[in-house]
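# Examination of the molecular architecture
For reference, the chains in residue letters:
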Amino acid sequence: GTATILGKLGGTIANALSDATPDVAAVEEAELLEVAENGIVGSFAGRGYAIGTDEFLTGYGLSVSRYFDDNFLNSTPGGAVLHIAVDGKEALKLYLSYRVSEGFAEMARELSERNVRMIFRCSDPCVNDTLITALVGELSSPITLLKTQSEDAYGEGSEKNEDGDGKESAENYLKII
């Protein structure tokens, strides 16, 4: 289910999970209710999924387990913890380590020196400005992070609030489960 939900948006974590899970369902069967900067709420096969940082899940009133290693990893350059809750209960924690190639970091530094701002588009809930800075260093023209929140990601019939982000319906959905 998690691989299918994340597969709806794509990205490295989705690819890794679908490679590790042989029977991933077609992403068309998943419905995204909210795609936020630090998390995703969706449904698949009658179950509710909340995937994101601990702040995202606790913002919905879900409890997440915290261990000393979590704080250490979150404060380590390139480290992050991704929480996955199914039907309102934490089901899995992924400990992630992000890296960029030296070529990417060098290109980012060169472009920044020329006052060219790179734009990085992704849907990974753990990727944020702090993580990017930790991976490539301080830049005079920082990398702009655009989170994927396309209309195509939401299934037909997904309710959206007046802001169009699906948050109200996601909150209602999580209250139901």
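Residues numbered from 1 in each chain as written. Predicted model: local features only at pLDDT ≥ 70, side-chain atom pairs only at ≥ 80, totals over all residues. Heavy atoms only, no water.

Quick look at the pairing of strand 5 (residues 89–97) now. Sheet analysis places strand 4 (residues 79–86) next to strand 5, joined by eight bridges and oriented antiparallel. Residue pairing in the sheet places His83 in a bridge with Lys93 of strand 5. Between the end of strand 4 and the start of strand 5, which pair antiparallel, lie two residues, with Asp87 showing a positive phi angle near 50 degrees. (Pairing = 2+ DSSP bridges. Helix = DSSP H or I, 4+ residues; strand = E, 2+ residues; numbered from the N terminus.)

Moving on to the nonpolar core. Ranked by internal contacts, the top residues of the largest apolar core, which has 33 residues, are Ile5, Ile13 and Tyr98. Element by element, the count of residues in this core is highest for strand 4, at four residues. In this view, Tyr98 contacts Ile13, Gly78, Ala80, Asp124, Cys126, Val127, Leu131 and Leu135; residues no more than four positions away in its chain are not counted. In terms of nonpolar packing, the next biggest core, distinct from the first, is built from 10 residues, Leu33, Phe56, Tyr60 and Leu62 among them. (Core = buried A, V, L, I, M, F, W, Y, C linked by side-chain atoms within 4.5 Å. Buried < 20%, exposed > 50% of the residue type's maximum accessible area, 1.4 Å probe, protein only. Contact = heavy atoms within 4.5 Å.)

A word on the layout of surface pockets. In this structure, the largest pocket encloses a volume near 560 Å³. If you go around the largest pocket, you meet 28 residues; those closest to its centre are Thr12, Ile13, Tyr98, Asp124 and Val127. The element contributing the most residues to the lining of the largest pocket is helix 2 (residues 12–20), with five residues. (1 Å grid on protein atoms, 1.4 Å probe; cavity = no way out; pocket = protein on both sides within 12 Å on 5 of 7 lines; lining within 4 Å. Points joined across faces, edges and corners; volume = space filled by probe spheres on them.)

The next thing to look at is the sheet that holds strand 4. Sheet architecture is open: five strands sit in the order 1-2-3-4-5, paired in antiparallel fashion. At either end of the open sheet lies a strand with only one pairing partner, and these are strand 1 (31–36) and strand 5. Each strand of the sheet is rotated relative to its neighbour by a mean of 15 degrees, with strand direction disregarded. (Axes fitted to C-alpha atoms, helices over the stretch in contact; angles between N-to-C directions.)

On to the pairing of strand 2 (residues 39–44), then. The buried count for strand 2 comes to six of six residues, which makes it a mostly enclosed element. In terms of strand pairing, strand 1 meets strand 2 through five bridges, oriented antiparallel. The residue bridging Ala36 from the neighbouring strand is Gly39, located in strand 2. The turn joining strand 1 and strand 2, which pair antiparallel and follow one another in sequence, is formed by two residues. Bridge count for strand 2 against strand 3 (residues 47–52) is six bridges, and the pairing is antiparallel. Directly across from Phe44, in strand 3, lies its bridge partner Arg47. Connecting strand 2 to the next strand, strand 3, in antiparallel fashion are two residues, including Ala45 with a positive phi near 55 degrees.

This paragraph deals with unusual backbone geometry. Of all residues except glycine, most have a negative phi; of all peptide bonds, most are trans. Phi at Ala45 is positive, roughly 55 degrees, even though this residue is not glycine. Along the chain, the position of Ala45 falls in the loop between strand 2 and strand 3. Given a relative accessible area of 64%, Ala45 falls into the exposed group. Positioned with a positive phi, Asp87 is a non-glycine residue whose angle comes to about 50 degrees.

So, about the packing of aromatic side chains. Within the structure shown, the criterion is met by two aromatic pairs. Considering the side-chain rings of Phe56 and Tyr60, the 5.3 Å spacing of their centres and the 75 degrees angle between planes classify their relative orientation as edge-to-face. Tyr60 sits in the buried class, given a relative accessible area of 15%. Between Phe104 and Phe120, the aromatic rings sit 6.4 Å apart at their centres with planes inclined by 65 degrees, giving edge-to-face as the arrangement. In this pair, Phe104 sits in helix 5 (residues 102–113) while Phe120 sits in strand 6 (residues 119–122), placing the two residues 16 residues apart along the sequence. On the basis of relative accessible area, Phe104 is assigned to the partly exposed category, the value being 23%. By relative accessible area, Phe120 is classed as partly exposed at 33%. (Phe/Tyr/Trp six-rings, centres within 6.5 Å; stacked < 30°, edge-to-face > 60°.)

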